[in-house]
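# Structural features, examined
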Amino acid sequence: MKEILERRSIRKYENKALSLDLLKKIIGAALKAPSAKNRQPWKFIVLVSEEKDKFVQVMRQGIERERVTKVLLPNSSNYISAAKHTAAIIEQAPVLIVVCNPSGHSLYEDLTPEEKIYERADMQSIGAAIQNMLLEATSLGIGTLWICDTYFAYDDLKDYFCDKGEIIAAVALGYPAEHPSERPRKDFDEVVEFQ
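Calculation rules
Residues numbered from 1 in each chain as written. Predicted model: local features only at pLDDT ≥ 70, side-chain atom pairs only at ≥ 80, totals over all residues. Heavy atoms only, no water. Helix = DSSP H or I, 4+ residues; strand = E, 2+ residues; numbered from the N terminus. Buried < 20%, exposed > 50% of the residue type's maximum accessible area, 1.4 Å probe, protein only. Expected span 1.5 Å × (residues − 1). Contact = heavy atoms within 4.5 Å. 1 Å grid on protein atoms, 1.4 Å probe; cavity = no way out; pocket = protein on both sides within 12 Å on 5 of 7 lines; lining within 4 Å. Points joined across faces, edges and corners; volume = space filled by probe spheres on them. Pairing = 2+ DSSP bridges. Axes fitted to C-alpha atoms, helices over the stretch in contact; angles between N-to-C directions.

It is worth spelling out unusual backbone geometry at this point. In this model, Lys37 sits at a positive phi of 55°, which is unusual for a non-glycine residue. As for its position among the elements, Lys37 is in the loop between α2 (20-31) and β1 (43-48). With a relative accessible area of 76%, Lys37 lands in the exposed category. Despite not being glycine, Asn38 shows a phi value in the positive range, around 55°. Along the chain, the position of Asn38 falls in the loop between α2 and β1. Residue Asn38 is classed as exposed on the basis of its relative accessible area, which comes to 54%.

Here we take up helix α3 (residues 49-69). Under the 1.5 Å per step criterion, the end-to-end length of α3 is 30 Å for 21 residues, consistent within 8% with the ideal 30 Å. Those residues of α3 that sit buried are Lys52, Phe55, Val56, Val58, Met59, Gly62, Ile63 and Glu66. For α3, the secondary structure elements touched by its buried residues are β1, α4 (80-92), β2 (95-101) and α6 (154-161). Backbone geometry just after α3 places Lys70 at a positive phi near 50°.

Before going further, it helps to examine empty space enclosed by the protein. With the rule as written, the count across this model stands at one cavity of 30 Å³ or more. In terms of lining, the largest cavity is formed by Thr150, Tyr151, Tyr154, Leu157, Lys158 and Ile167. Among the elements that line the lining of the largest cavity, the one with the most residues is α6, at three residues.

Right, let's get into the sheet that holds β1. Read from one edge to the other, the open sheet built from four strands follows the order β1-β2-β4-β3, with strand pairing classed as antiparallel. The sheet terminates laterally at β1 and β3 (143-147), the two strands that pair on one side only. Sheet twist, expressed as the average angle between the axes of neighbouring strands with direction ignored, equals 20°. Here β1 runs beside β2; their pairing, made up of six bridges, is antiparallel. Across the sheet, Leu47 pairs through a bridge with Leu96, a residue of β2. Sitting on the sheet, α3 is in contact with β1 and β2, with an inclination near 105° to β1. In this fold α6 packs onto β1 and β4 (166-174), with an angle of close to 85° to the strand it touches most, β4.

This is how it looks when you write it as structure tokens:
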């Protein structure tokens, strides 16, 4: 599939708005993703302008709290600077889509084995939805960045943007102002085993 081969993580965007029609097509592709037991465990919050700027502000506050108090990711301090860079990328991207699981459980919550299985199945379903968005965006000439650095500001962002459920990830979107080469991939034989 052409879009699989051409998709890249874009970290520089043109200062050009995306139309509502484009955003609906991109999110519409996410809604067509397969999901475990057809639960469709997703919600997409589209942020632009001041609301996107508020997300960046809250994310930076959370990153600083994580840096100082090391509440959630004490062994990931080497990645704080990357999380700060991600906040700068979000700031200059025209659109941010926050991806939530309205039925998701808190990272701090103890789960039964059954709840853990449902949570993992939901994560796989949401991953498929995000991938559909990325591929549709690529087909439309829109650049994307799948963002998981939100976990460096988990509590702050959850409290502000996802009052019910959990923030799973975010996707920055815009017309690309860069065209990066494909990043190295592991060899086929290294990751595939036939039995």
